[in-house]
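Spelled out from the first residue to the last, the chains are:
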Amino acid sequence: MAVVVQSSEGWVLDACSLIDQGYSRCIRWRNGRKSQVKCRFKRRCFQILKSHYCVNASVAVEGGNTDTLQKVNKPSKKRKRKHSDLNQGEVDAQAFHEKIRSVILEGSKSLVDSARYLGYLTGATDTVTEPLPLQECSLAALCEMAKELPLVDEEEQEERTQSLAAEDGCTSHVDLFSRVTENRADEATVVTLMGEEYVIPPHTAFLLSDFTRIQPLVHYGTKFDLIVMDPPWENKSVKRSRRYSSLPSSQLKRLPIPQLASTNCLVVTWVTNRPSHLRFVRDELYPHWGIEVVAEWFWVKVTTSGQFVFPLDSPHKKPYEVLVLGRYRSSADTSISSLETPEVPVEDSRLIVSVPSALHSQKPSLSG
């Protein structure tokens, strides 16, 4: 079961099972013949067995004193920085952390305790010896190719959408970069794209492109009730690792959210723990699109034993990330259209507790 616990504090998710639900029925076409395939996400990716820090006594999730936390085999000898040594960004981050600390600590303890009562997050996992993937999914990396291709004029497009696979399973005609591609089947489908195999969930559609070339999605003609964004925020860690290209915050305003959002659409943005990014989303980005902030949620990352993956009070990495939730309020909406699309209330300060994936920046699904 993907949602292990649901309470007033939030949810405990089995993120791997949540992914597997979409692939429980999967097909593959080969030489014009259809066959059933069993697809399952690598369990090894979700076997985060130990916290990045050892604990001397109680785990931080259980309310232990964070002073007992030390780096594994490398006791810290660094001088603790005084408040006066911090720059403004660090001061703001510390203030935000103190504001939400009790919500994270108390809510996580309650949710983890409930999950353990049901036999989850007990540390008892099957030993999985399969190796981690040598490389992460390269489908998104193909978006870099889209930047080099000429823009396709709308009038030149005979069709705005294309089916992922015909009855014979052929995908050679697929033009990934200028059209929305759909998997209309009731099953997940294994397809070969650009020489690599990918599993596409059932009843889904995607546009593989650079965000500056998102017009095919606008012309797709569908208004969405939920829009989730995970921007490539600028930060020093990303710049050092060169894992992916970051994007200046101001460029996000170019996304045509008002053209994609339905009445009362819920817009969710994953935000780093950098206060400037959080302020930008709340005070600039959402107002620019006509979105009203309605809640902040927190994704709390724990090990298979229910420990925080990082100390709660670590001055560097935190064991949580923030989601900003907002409602799209179109000036063109009338009271009649608003009544036709009833607004589901959203509670503030809810927690999503799960074991994170070992794959970089993979977030838990919000569709469960």
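Data block above holds the structure.
As the structure is a prediction and not an experimental result, all values here were calculated from the model.

Conventions and cut-offs
- Just so you know, the residues in each chain are numbered from 1, in the order the chain's sequence is written.
- A pLDDT threshold of at least 70 governs which residues receive local features in this predicted model, and a stricter bar of 80 or more applies before side-chain atom pairs are shown or counted, although totals over entire chains, interfaces and linings include all residues.
- Only heavy atoms go into the side-chain values, all of them from the structure, while hydrogens and water stay out.
- Counting from the N terminus, the helices are the DSSP runs of H or I reaching at least four residues and the strands are the DSSP runs of E reaching at least two.
- Per-residue accessibility, obtained with a 1.4 Å probe over protein chains only, is compared with the maximum for each type, and a residue is labelled buried under 20%, exposed over 50%, and partly exposed between these values.
- We call two residues in contact whenever any of their non-hydrogen atoms come within 4.5 Å of each other.
- Here the Shrake-Rupley method, with its probe set to 1.4 Å, supplies the accessible areas, and only the displayed protein chains count as covering residues.
- Here the expected span of a helix is defined as 1.5 Å times the quantity of residues minus one.
- The reported bend at a residue is simply the angle between two axes, fitted to the 7 residues ending at it and to the 7 residues beginning with it.
- We define a polar contact as two N or O atoms separated by no more than 3.5 Å, with the added condition that, inside protein, one atom must be a possible hydrogen donor and the other a possible acceptor, whereas residues neighbouring each other in sequence contribute only through side-chain atom pairs.
- Think of each axis as a best-fit line through the C-alpha atoms, taken over the contacting stretch in the case of a helix, with angles from 0 to 180 degrees between the N-to-C directions.
- To sort the angles, those under 35 degrees are grouped as roughly parallel, those over 145 as roughly antiparallel, those from 65 to 115 as roughly perpendicular, and the leftovers as oblique.
- A side-chain nitrogen of Lys or Arg and a carboxyl oxygen of Asp or Glu constitute a salt bridge if their distance falls within 4 Å.
- Buried Ala, Val, Leu, Ile, Met, Phe, Trp, Tyr and Cys residues form a nonpolar core when they are joined through side-chain atoms within 4.5 Å.

Can you lay out the overall build of the chain for me, pointing to particular residues and giving the numbers?
Of the regular secondary structure elements, the chain holds eight helices and 16 strands. Relative to its full complement of 368 residues, the chain shows a buried share of 41%. Of the contacts made within the chain by residues no fewer than 6 positions apart, 71% connect residues no fewer than 24 positions apart. By element, 49% of the accessible surface of the chain is carried by carbon and sulfur atoms, the whole surface being about 21300 Å².

Break down helix α2 (residues 88–117) for me, with residues and values.
Taking 1.5 Å per residue as the helical rise, α2 with its 30 residues ought to reach 44 Å, and the 43 Å between its terminal C-alpha atoms agrees with that figure. Along its length, α2 reaches its greatest deviation from straightness, about 50°, at Ile 100. Inspection of α2 places Phe 96, His 97, Ile 100, Ile 104, Leu 105, Gly 107, Ser 108, Leu 111, Val 112 and Ala 115 among the buried residues, and these make up the whole buried set. The secondary structure elements touched by the buried residues of α2 are β1 (3–7), β2 (10–13), α7 (275–289), β14 (291–301), β15 (320–328) and β16 (351–354). With a side-chain oxygen lying 2.8 Å from the backbone nitrogen of Glu 90, the N-terminal cap of α2 falls on Asn 87. Immediately beyond the C-terminal end of α2, within one or two residues, lies Gly 119, with a positive phi of roughly 90°.

Break down the packing of α2 against α7 for me, with residues and values.
Across the interface, α2 lies against α7 with an axial gap of 9 Å and an inter-helix angle of 75°. Considering the angle they form, α2 stands roughly perpendicular to α7. Side by side, α2 and α7 meet where Gly 89, Asp 92, Ala 93 and Phe 96 of the first sit next to Pro 275, Leu 278 and Arg 279 of the second.

Give me the environment of Ala 261: which residues, what numbers.
When you line up the elements, Ala 261 lands in strand β13 (residues 261–271). Residues Ala 261 and Ile 227 lie 34 residues apart in sequence; the distance between their C-alpha atoms is 7.5 Å.

Could you give me a rundown of the pattern of salt bridges, with the residues and numbers involved?
Inspection of every chain in the model, using the stated rule, returns twelve salt bridges. Residue Lys 253 pairs with Glu 284 through a salt bridge whose shortest N-O separation is 3.4 Å. Of the two residues, Lys 253 sits in the loop between α5 (236–241) and α6 (257–260) while Glu 284 sits in helix α7, which places them 31 residues apart along the sequence. For Glu 284, a relative accessible area of 41% gives the class partly exposed. The residue Lys 301 makes a salt bridge to Glu 321 at a minimum N-O spacing of 2.8 Å. Of this pair, Lys 301 sits in strand β14 while Glu 321 is found in strand β15, placing the two residues 20 residues apart along the sequence. Three or more residues joined by partner-sharing salt bridges are found here, namely Asp 230, Lys 301, Glu 321 and Lys 363.

Kindly report on the nonpolar core, identifying the contributing residues and their values.
In summary, soluble globular proteins display a tendency toward joint burial of nonpolar side chains. In terms of nonpolar packing, the biggest core is built from 50 residues, with Val 12, Ile 104, Ile 257, Val 281, Trp 289, Val 300 and Val 353 touching the most fellow members. Top contributing element to this core by residue count: α2, with seven residues. Ignoring sequence-local partners within four residues, the contact set of Val 12 consists of Ala 2, Val 3, Val 4, Val 5, Leu 111, Ala 115, Tyr 120, Leu 121 and Val 353. In terms of nonpolar packing, the next biggest core, distinct from the first, is built from 13 residues, Ala 2, Trp 11, Trp 270 and Leu 323 among them.

From the geometry alone we can't say anything about function, so treat these as descriptive.
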